[in-house]
Amino acid sequence: MKILPGGICQAGTTRVNKTGGWRNFKPVYNYDLCIKCKLCELLCPDSSVIPREDGFFEFDYDFCKGCGICENECPKKAIDMVLEEK
Amino acid sequence: MPRENKLDKEKMVVVEGSYAVAHAVKTCRPNVISAYPITPQTHIVEDLSQFMADGEIPNCEYINVESEFSALSALVGSAAVGARCYSATTAQGLALMHEVLFNMSGMRLPTVMTIVNRALSAPINIWNDQQDSISQRDTGWIQLYAEDIQEISDMTAQAYKISEDKDVLMPAMTCMDGFILSHVYEPVVLLEQDLTDKFLPKYEPEYTLDPKDPLSYGAFADPNYYTEFRYLQEQAMQNALKKIEDVANEFYDIYGRYYGGLIDEYRTEDADIIIMAMGSVIGTVKDVIDKLRNRNVKVGLLKVRAFRPFPADAIRNVVRDAKVIVTLDKNITLGLNEGALCTETKSILYNTDINVPVIGYMLGHGGRDIKVDTIERIIDEAHEVIRNGIKTESQFIDLREEIL
Amino acid sequence: MKSLLAPGHRGCAGCCDAIAAKFALMGTGEDCIVINPTGCLEVMTTPYPETAWDVPWIHSLFENAGAVASGIEAGLKALGKKDKTKVLVLAGDGGTLDIGIRSISGAFERGHSIIYVCIDNEAYMNTGVQRSGATPYNASTTTSPAGKVSFGNPRPKKNMPEIMAAHGSPYVATTSIGFPKDMINKVKKASEIEGPSYIHAHSPCTTGWGFDTSKTIEVAKMAVQTGLWPLYEMENGEITKVKKIGKNVKPVDEYLKMQRRFKHLFTMEGGAEEIAKIQAIADKNIEDFGL
């Protein structure tokens with residue numbers, strides 16, 4: 001990699017930095033309870049809730065830091081935070 | 001090489017120095033002008049405002065900012081979207097910009113800013129010296145100093161071409177002595193629009209802030225990267241050395257006017273004494289040299305046009321065979337009892353085979369007149385140095401001892 | 001809605017800034033240029049050579065976001081590119097209320113078409129939770145710590161939205177990251193208005209305020225529900241819309257006890273009287289805004 005004068009960066013390149021390793025607890029869906037309200041996707045500070053074709057979502061564990069906002073805000077309690085096994 | 005400055009008398013008009021600069025700026029087709037009024041810069045921005053009010057600067061926005069800090073900050077944004085930018089300031093205003101100066105050069109954003117040199121407070125003083133721009137010498141801005149109104153006018157176009165060059169991409173200050181040049185009426189050739197359109201290409205930066213290609217500007221660089229950015233800035237300054245010379249020559253080819261590149265020489269060929277100076281004092285020194293040359297005194301002048309980048313090689317080549325170098329500084333590095341030109345000149349001679357003594361004089365502070373007899377006395381003292389060596393390396397001259 | 005802030009940034013787990021930035025960009029869409037003065041958001045999103053931004057972004061300095069935005073707007077205009085591109089400032093409370101107030105004041109007085117979003121987490125978080133002009137009454141920060149003779153920050157928050165409305169801004173609004181639709185819609189509305197608009201987004205910081213990373217949104221909602229952070233819109237200086245809390249109003253101690261920065265109010269002698277003063281602030285908001 002050559003640096004560009006002035007320190008210009010190419011868009012979206014933090015994607016090389018997998019922050020999933022920060023996590024102690026990981027969110028897990030209970031799809032039986034999920035109503036596809038999209039709130040988890042909307043609130044995730046790490047854009048780590050990924051929509052699936054069937055309208056449900058899945059977590060991008062490469063980046064999810066395990067903050068638990070999705071679990072705390074889920075109106076149907078369809079997300080559980082479970083201890084990360086390392 | 002010294003060249004003949006071919007001024008076309010037919011084209012000459014008598015205007016105020018500030019107007020000549022404002023006209024030059026207009027001719028360079030700026031896109032954004034952002035400035036805050038401060039004496040003695042005001043006439044430049046007033047004239048530009050009138051041009052705007054009269055619709056004479058197409059595709060341009062004038063931002064009446066609320067401070068010098070914002071004047072330059074706005075141009076950081078404008079330059080980053082690909083606009084050709086202009087500002088002007090002096091003294092307190094330039095000091096207030098200090099943080100932004102580093103920021104703009106660090107982001108490698110070209111611009112041109114006229115510095116109408118003035119003393120810094122306290123005590124408050126609105127008159128000329130060069131402490132303001134000299135104090136900003138480490139900020140990564142190219143600094144060019146003009147001798148007269150014609151030169152500062154023409155230097156404006158040159159500065160854009162240097163600053164915007166892809167191997168340079170560093171902002172540039174063009175410096176003119178406050179009041180002495182800014183408020184004086186002289187016959188000048190106003191920068192010609194047709195020639196400038198030929199001389200100065202449209203500014204087309206390789207990178208800009210553009211939603212179609214979303215780049216980030218101003219990321220933070222940790223110890224793994226910061227040094228390399230500083231290195232690249234220094235490389236850009238070194239590239240500017242050549243570019244300043246080239247642009248002066250290109251300017252001469254198109255306009256027929258020349259004031260030197262990095263430096264200029266006046267009667268230095270066989271000079272024992274070489275006086276080094278910057279700005280409007282050059283005129284006075286040339287007059288003294290002419291007078292003394294008639295009495296066979298071997299004295300010449302080395303005019304420093306570019307203070308940043310500092311033209312080490314160009315200066316060494318000129319002073320090599322002199323017997324003494326005299327620096328004139330309208331500034332002081334407090335705590336060193338020296339002006340900056342004195343310090344820098346000594347530094348570029350050390351570790352070389354050139355062994356010419358350097359003596360420095362600090363003068364013209366806060367608008368004090370630099371008189372012919374002061375320069376003559378300095379030259380007398382330089383003779384004394386040739387005869388008996390240096391007694392005082394650097395000193396104030398024309399101090400009013402009676403009030404101390 | 002697509003997120004224009006990429007993952008991999010270094011924001012804390014549960015970071016309010018990341019959420020606020022994401023919502024703001026959902027309001028403007030991708031045809032925008034972001035100006036981000038110094039702060040957590042800047043540092044955590046752009047460790048060279050990486051950036052989390054999928055829109056053009058610039059950080060210049062701490063105190064000049066208003067001016068840089070002015071210059072970008074003017075530059076785009078001069079180059080004939082301003083038609084659709086929005087100029088969005090995402091600044092912290094320190095960069096807005098304190099060190100940057102001259103620059104934002106100038107930009108608004110001159111009437112540049114910019115959207116200025118203040119992400120207010122009520123202290124200088126990037127440098128380690130020091131007090132700012134937006135720190136609320138009695139909050140303990142590292143430079144306004146609670147102690148034997150102190151209940152923490154001795155002053156109420158500076159009323160920045162009112163200051164911006166006094167500049168003649170056509171659109172000033174308060175919002176909260178606890179109300180995503182409210183925030184996204186307000187930024188969207190601001191980006192459709194000519195001239196300078198100001199949106200003050202209340203943004204609870206897990207690290208600086210001292211609550212669990214999962215509670216960022218919950219705390220934000222509670223600030224609104226107590227009346228401590230009223231949500232309203234001002235158009236041309238007049239309040240045109242207020243988010244009612246009505247009977248769902250919560251007492252302030254429910255909000256305060258969620259946060260470490262107010263913990264001393266529940267343990268120190270005289271704390272109850274101090275909480276009553278904070279309740280009075282909320283009550284006055286409820287009355288003034290008809291919440």
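Keep in mind that what you see is a predicted model, and the values were worked out from it rather than measured. Residue numbers restart at each chain and count upward from 1, following the sequence in its written direction. Each chain gets a letter, beginning with A, and each ligand a number, beginning with 1, in the order they are written. Confidence filtering applies because this is a predicted model: local features only for residues at pLDDT of at least 70, side-chain atom pairs given and counted only at 80 or more, and all residues used for totals across whole chains, interfaces and linings. Values reported for side chains reflect all heavy atoms of the structure, with hydrogen atoms and water molecules removed beforehand.

As a further point, take the overall build of chain B. Along its length, chain B carries 13 helices and 16 strands. Throughout, radius of gyration means the C-alpha value; the globule benchmark is 2.2 Å times the number of residues raised to the power 0.38. Over its C-alpha trace chain B gives a radius of gyration of 21 Å, about what one expects of a compact globule, namely 22 Å for 404 residues. Across its three principal axes, chain B shows a C-alpha extent of roughly 70 × 55 × 45 Å. Each residue is assigned to one of three classes by its accessible area relative to the maximum for its type, calculated with a 1.4 Å probe on protein chains only: buried under 20%, partly exposed between the two thresholds, exposed over 50%. Across the 404 residues that make up chain B, the buried fraction comes to 60%. Taking contacts inside chain B between residues at least 6 apart in sequence as the whole, the part at least 24 apart equals 81%. When the accessible surface of chain B is summed, it comes to about 15,900 Å², and 49% of that surface belongs to carbon and sulfur atoms. Counting from the N terminus, the helices are the DSSP runs of H or I reaching at least four residues and the strands are the DSSP runs of E reaching at least two. Only heavy atoms enter the contact rule, under which two residues are in contact if any of them lie within 4.5 Å. Using a 1.4 Å probe, the Shrake-Rupley method yields the accessible areas, and only the shown protein chains count as cover for residues.

At the junction of the two partners, chain B supplies 14 residues and chain A supplies 10 residues. For any pair of parts, buried area is found by adding up, for both, the accessible area (1.4 Å probe) each one loses once the two are put together. Summing the contributions of chain B and of chain A, the shared interface buries around 1,100 Å²; its carbon and sulfur component is 73%. Counting of polar contacts relies on pairs of N or O atoms within 3.5 Å, with two restrictions inside protein: one atom must be capable of donating a hydrogen and the other of accepting it, and residues adjacent in sequence are counted only when both atoms are side-chain atoms. In this structure, the connection of chain B to chain A is made through two residue pairs in polar contact (both at pLDDT 80 or more). Secondary structure elements with two or more residues in the side of chain B that touches chain A: β9 (215–217) and α9 (226–255) of chain B. Examined bridge by bridge, strand β1 (residues 9–10) of chain A and β9 of chain B share two bridges and lie antiparallel to one another. Bridge pairing in β9 of chain B links Cys9 of chain A to Ser216 of chain B. Paired strands, as defined in this entry, are two strands with at least two bridges between them according to DSSP.

What follows deals with the sheet that holds strand β13 (residues 306–308) of chain B. Residues and elements named next belong to chain B. Read across the sheet, seven strands follow the order β3-β2-β4-β5-β7-β6-β13 without closing on themselves; strand pairing throughout is mixed. Strands with a single pairing partner mark the edges of an open sheet, and in this sheet they are β3 (61–64) and β13. If you compare each strand with its neighbour and ignore which way they point, the axes differ by 20° on average. Examined bridge by bridge, strand β4 (residues 85–89) and strand β5 (residues 112–117) share four bridges and lie parallel to one another. Its bridge partner being in β5, Ser87 is matched across the sheet by Met113. The axes used here are C-alpha line fits, helices contributing only the stretch in contact, and every angle between their N-to-C directions lies in the interval 0 to 180 degrees. Sheet strands touched by α9: β6 (142–145) and β13. Its angle to β6, the strand with the most contacts, is close to 35°.

Let's shift gears to the pattern of salt bridges. Just to be clear on terms, a salt bridge is a Lys or Arg side-chain nitrogen sitting within 4 Å of an Asp or Glu carboxyl oxygen. A full pass over the atoms with the stated rule returns 50 salt bridges over all chains. For Asp46 of chain A, the salt bridge goes to Lys65 of chain A, with nearest N and O atoms at 2.7 Å. Remark: Lys65 of chain A occurs in the loop between β4 (57–59) and α2 (69–73) and Asp46 of chain A occurs in the loop between α1 (39–43) and β3 (49–51); sequence separation between them is 19 residues. The pair formed by Asp46 of chain A and Lys65 of chain A is uniform in burial state, with each residue classed as buried. Taking the shortest distance from any N to any O, the salt bridge between Glu344 of chain B and Arg137 of chain B comes out at 3.2 Å. With Glu344 of chain B in helix α12 (residues 340–349) and Arg137 of chain B in the loop between α6 (131–134) and β6, the pair connects residues that are 207 residues apart, well separated along the chain. On the basis of relative accessible area, Arg137 of chain B is assigned to the partly exposed category, the value being 21%. In this structure, a network of salt bridges that share partners links the residues Glu147, Glu151, Lys286, Lys303 and Arg305 of chain B.

Another aspect to go through is the interface of chain C and chain B. Opposite the 40 residues of chain C that make contact, chain B presents 39 residues. Between chain C and chain B we count one salt bridge in total. Across the pair Glu66 of chain B and Arg110 of chain C runs a salt bridge whose closest N-O atoms are separated by 2.8 Å. Across the chain C-chain B interface, the total number found is 12 residue pairs in polar contact (both at pLDDT 80 or more). Within the residue set of the side of chain C that touches chain B, elements represented by two or more residues are β1 (32–35), α2 (40–45), β2 (57–58), α3 (65–78) and α5 (101–110) of chain C.

All right, on to a nonpolar patch on the surface then. Nonpolar side chains (Val, Leu, Ile, Met, Phe, Trp, Tyr) are joined into patches within 5 Å and like charges within 9 Å, using only residues with over 30% relative accessible area and no salt bridge. Together, Phe396, Leu399, Ile403 and Leu404 of chain B make up an exposed nonpolar region whose accessible area comes to about 420 Å². Under the relative-accessibility criterion, Phe396 of chain B is labelled partly exposed at 33%.

Here we take up the pairing of strand β10 (residues 238–242) of chain C. All names here are of chain C. Relative to β10, strand β9 (residues 232–235) runs antiparallel, the two sharing four bridges. Of the residues in β10, the one forming a bridge with Tyr232 is Val242. Between β9 and the antiparallel strand that follows it, β10, lie two residues; Asn236 among them carries a positive phi value of about 50°.

All names here are of chain B. Domain borders in the structure are assigned automatically or taken from a domain database. Partitioning chain B into structural domains gives domain 1 (9–255) and domain 2 (263–403). Placing a centre on the C-alpha atoms of domain 1 and another on those of domain 2 gives a separation of 28 Å. Taken together, the 28 residues of domain 1 in the interface contact 26 residues of domain 2. Counting the surface domain 1 buries against domain 2, the share from its top three residues, Arg137, Tyr145 and Glu147, is 29%. Where domain 1 packs against domain 2, one counts six salt bridges. Applying the counting criterion to the domain 1 and domain 2 interface returns 20 residue pairs in polar contact (both at pLDDT 80 or more). At the level of secondary structure, the elements contributing two or more residues to the side of domain 1 that touches domain 2 comprise α6, β6, α7 (149–163) and α9. The element that contributes the greatest number of residues to the side of domain 1 that touches domain 2 is α9, accounting for five residues. Lys, Arg, Asp and Glu make up the charged group, whereas Ala, Val, Leu, Ile, Met, Phe, Trp, Tyr, Cys and Pro make up the nonpolar group; the residues left over, Gly among them, are polar. For the side of domain 1 that touches domain 2, the residue count by class is 16 nonpolar, six polar and six charged.

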